[in-house]
Amino acid sequence: MPSSSSPARLVVLVSGSGTNLQALLDACEDPAYGAQVVAVGADRHDIEGLRRADRAGVPTFVKQVRDYESRDNWDRVLTKAVAGFEPDLVVLAGFMKLVGPTFIEAFGGRTVNTHPALSPSFPGMSGPADALEYGVKVTGCTLFVVDAGVDTGPIVAQSAVPVLDDDDVDSLHERIKVAERAMLADNVGLMARVGFTITDRKVRFNR
Ligand code: GRF
């Protein structure tokens, strides 16, 4: 993490509406937050997440998997694009692609992702739908340090959210996202300000 005088540099990757990105952009407006979003990357064009970055005056880039002959090439190009902004921390905020080995080698241990379920339950792309179908009464969201698996990395923070009797996938996911945005902004700020260590999967803040 950076010195106390300079804010941590965040590169945020998005694939969709970018409300989690917006929570970070809003938090970064306070100099005491200790971080700034220096770039936003995406795996697709024409998404609200990129427009949010534009409106905030943050540089953007897009790397689409289909523009490269292999997934490994895409991973290398994505890694290079992110590295160009010299991040202290990379935040996957609704980024709907698995990053590959080159990315993990470059940014492992300092890349976090947010997942709309309480890990280790319901990993993958449809956490809210899977929780609803299973019939759990409590679900939530998880912030974790990215490793090579699917939503398997060391857990930074979790927040619980009730499942209501009349929920559908959208209403449940929206309730989760309210908790997710707060969890993300609170914990990325802490990671930036005080730093953290990972020992035997346990993530602890240095305070
Ligand atoms: C979040 O719930 C994230 O965990 C999931 O997709 C959602 C993205 O929301 N993977 P947004 O793009 O930040 O609004």
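That block above? That's the structure.
For clarity, every value in this text was computed on a predicted model and none was experimentally measured. Every chain is numbered independently, its residues counted from 1 as its sequence is written. Side-chain atom pairs in this predicted model are given and counted only at pLDDT of 80 or more, local residue features only at pLDDT of at least 70, and totals for whole chains, interfaces and linings cover all residues. As a rule here, side-chain values come from all non-hydrogen atoms in the structure, and water together with hydrogens is ignored.

Visitor: Tell me about helix H3 (residues 71-83), and name the residues and values.
Guide: If you check H3, its first and last C-alpha atoms are 18 Å apart, about what 13 residues at 1.5 Å a residue would give, namely 18 Å. Among the structural elements, strand E1 (8-14), strand E3 (60-62), strand E4 (89-92) and helix H4 (101-107) are those in contact with the buried residues of H3. Each helix is a run of DSSP H or I of at least 4 residues and each strand a run of E of at least 2, with the numbering of both proceeding from the N terminus. In this analysis, the expected span of each helix is defined as 1.5 Å times one less than the number of residues it contains. We call two residues in contact whenever any of their non-hydrogen atoms come within 4.5 Å of each other.

Visitor: Lay out the site of the ligand in plain terms, naming residues and giving numbers.
Guide: In this text, near means that some heavy atom of the residue lies within 4 Å of the molecule or strand in question. The immediate surroundings of the ligand are formed by Gly16, Ser17, Gly18, Thr19, Asn20, Gly94, Met96, Thr114, Pro116, His173, Lys177 and Glu180. Within 3.5 Å is the distance limit for a polar contact, defined as a pair of N or O atoms, with the added protein rule that one can donate a hydrogen and the other accept it, and that residues adjacent in sequence qualify only through two side-chain atoms. One of the side-chain nitrogen or oxygen atoms of Ser17 is found 2.5 Å away from an oxygen atom of the ligand. Interatomic distance of 2.6 Å between a side-chain N/O atom of Thr19 and an oxygen atom of the ligand. Computed by Shrake-Rupley with a 1.4 Å probe, the accessible areas treat only the displayed protein chains as cover when residues are assessed. Contact with the protein chains removes 90% of the 370 Å² of surface that the ligand exposes when unbound. Broken down by secondary-structure element, the contributors of at least two residues to the shell around the ligand are helix H1 (19-28) and helix H6 (169-194). Broken down by element, the shell around the ligand gets its largest block of residues, three residues, from H6.

Visitor: Give me the nonpolar core: which residues, what numbers.
Guide: Across soluble globular proteins, nonpolar side chains show a tendency to be buried alongside one another. Take the buried Ala, Val, Leu, Ile, Met, Phe, Trp, Tyr and Cys residues and link them wherever side-chain atoms come within 4.5 Å; each set so joined is a nonpolar core. Accessibility here uses a 1.4 Å probe with only protein chains present; expressed as a share of the type maximum, an area under 20% marks a residue as buried, one over 50% as exposed, and anything in between as partly exposed. Counting residues in each nonpolar core, the largest one holds 46 residues, and the members touching the most others are Val12, Val37, Val40, Val156 and Val188. Of the residues forming this core, the biggest block, 10 residues, is contributed by H6. When near neighbours in sequence (up to four residues on either side) are disregarded, Val12 contacts Leu21, Leu24, Val37, Ala39, Val40, Gly41, Val91 and Ala93. Counting residues in hydrophobic clusters, the runner-up holds 17 residues, among them Val11, Trp74, Ala81 and Val146.

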